[in-house]
Amino acid sequence: MSEVKISAETRSEFGKGAARRIRRDSKVPGVLYGHGSDPLHLTLPGHELLLALRTPNVLIALDIDGKTSELAIPKSVQRDPIKGFLEHVDLQLVQRGEKVNVEIFVHTEGELAAGGNLLEHVLNALPVEAEATHIPESVTVSVEGLSAGDSILAKDISLPSGVKLAVDEDAVVIQVLAAQAEEASEGEGDEAAQA
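Since we're looking at a predicted model, the values are computed, not measured. The residue count restarts for each chain, going from 1 along the sequence in the order it is written. The predicted origin of the model limits local features to residues at a pLDDT of at least 70 and limits the giving and counting of side-chain atom pairs to 80 or more, whereas totals for whole chains, interfaces and linings rest on all residues. Excluding hydrogens and water, the side-chain figures rest on all heavy atoms present in the structure.

1. Some remarks on the overall build of the protein
Secondary structure is summarised from DSSP: a helix means a run of H or I of at least four residues, a strand means a run of E of at least two, and numbering begins at the N terminus for each. Per the secondary structure count, the protein includes 3 helices and 13 strands. Relative to the compact-globule value of 16 Å for 195 residues, the protein shows a C-alpha radius of gyration of 23 Å, a clear excess of over 25%. Over its C-alpha atoms, taken along the principal directions, the protein stretches across nearly 80 × 50 × 25 Å. Sorting the 195 residues of the protein into buried and exposed places 34% on the buried side. Of the contacts formed within the protein by residues at least 6 apart in sequence, a portion of 64% connects residues at least 24 apart. In this description, accessible areas are obtained by the Shrake-Rupley approach with a 1.4 Å probe, and a residue is regarded as covered only by the protein chains that are shown. Summed over its atoms, the accessible surface of the protein is roughly 11800 Å², and 46% of this surface lies on carbon and sulfur atoms. If you average the places of the 17 positive and of the 32 negative side-chain charges in the protein, the two averages end up 17 Å apart. Atoms counted for the radius of gyration: C-alpha only. Globule rule: 2.2 Å times residue count to the power 0.38. Only protein chains enter the calculation, and the probe is 1.4 Å; a residue is then buried if its accessible area is under 20% of its type maximum, exposed if over 50%, and partly exposed in between. We call two residues in contact when some of their heavy atoms are within 4.5 Å. This count recognises Lys and Arg as positive and Asp and Glu as negative, with His and chain-terminal groups excluded. A charge is said to be at NZ when it belongs to Lys, at CZ for Arg, at CG for Asp and at CD for Glu.

See the structure below:
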């Protein structure tokens, strides 16, 4: 996993007006918390943060006011529902070697058995525990040849070394459903006969 370096500034103004002024300057208000320390309110560069957040569970090396350096992972990201720009970010303080709980995306590969089966992702993201500096971006699962009624449980997914499940191992992650044929109701057939 790569580390993204971002320069941040502490902020002392709070509330909607202050947040709007920060966003007008193409920056994002944020909070850094964790390890029992007081929350630290930050201003982060909007474009750099947006690029960093394209990587799931990115590890961010924060340079705060040019004085201190901290490692953090994003815990909550608020976006404008229409325009999509970042409104606020919550960052969790982490240390090298520390275990953290995160969710990693589950990707599938392969073809299902013939017969019009449907693949349902019961869990789009798999909760895992991993070292903060070695969080995998995703896991890939083969669905080759699976047919209706088959499922893949959390314990069936092979995880990278040092990564453990943070969910019940019997939890269904992916299941295969039989496609249902649409049947014409009796009323529709009677109307067609009368016409």
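Read on for the rest.
2. Digging into the confidence of the model for the protein
If pLDDT is low for a region, its predicted coordinates should not be looked at in detail. In this model, the protein carries a mean pLDDT of 82, and residues with pLDDT of at least 70 account for 91%. Of all helices and strands in the protein, the one with the weakest mean pLDDT is helix H3 (residues 186–194) (52), whereas strand S12 (residues 164–165) scores best (89). On a scale of 0 to 100, pLDDT captures the predictor's confidence in every residue.

3. Quick look at the sheet that holds strand S10 (residues 138–142)
Any two strands are treated as partners once DSSP identifies two or more bridges connecting them. Spatial strand order, S10-S7-S9-S12: 4 strands in an open sheet with mixed pairing. With partners counted over all chains shown, the strands left at the sheet margins are S10 and S12, one partner each. In this structure, strand S7 (residues 99–109) lies alongside strand S9 (residues 125–131), joined through 7 bridges in antiparallel fashion. When the sheet's bridge partners are listed, Val 100 is paired in S9 with Ala 130.

4. Describing the sheet that holds strand S2 (residues 27–34)
One closed barrel holds the 6 strands; their spatial order is S1-S3-S2-S6-S5-S4, and the pairing between them is mixed. Neighbour to neighbour, the strand axes of the sheet diverge by 45° on average, direction disregarded. Looking at chain direction, S2 and strand S3 (residues 37–45) are connected through 7 bridges and run antiparallel. In the strand pairing of S3, Pro 29 is matched with Thr 43. All axes here are fitted lines through C-alpha atoms, helices being fitted over the stretch that makes contact, and every angle between N-to-C directions spans 0 to 180 degrees. Along the sheet face, helix H1 (residues 16–24) touches S2, S3 and strand S6 (86–94) and points at about 120° away from the line of S2.

5. What about the pairing of strand S5 (residues 68–79)?
Two strands pair when backbone bridges link them, and strand S4 (residues 59–64) and S5 are joined in this way by 5 bridges, in the antiparallel orientation. Bridge pairing in S5 places Ala 61 opposite Leu 71. Hairpin connection between S4 and S5: a loop of 3 residues separates the two successive antiparallel strands, and Asp 65 in this loop has a positive phi of roughly 55°. Pairing analysis gives 8 bridges linking S5 to S6, with the strands arranged antiparallel. Across the sheet, Ala 72 pairs through a bridge with Leu 93, a residue of S6.

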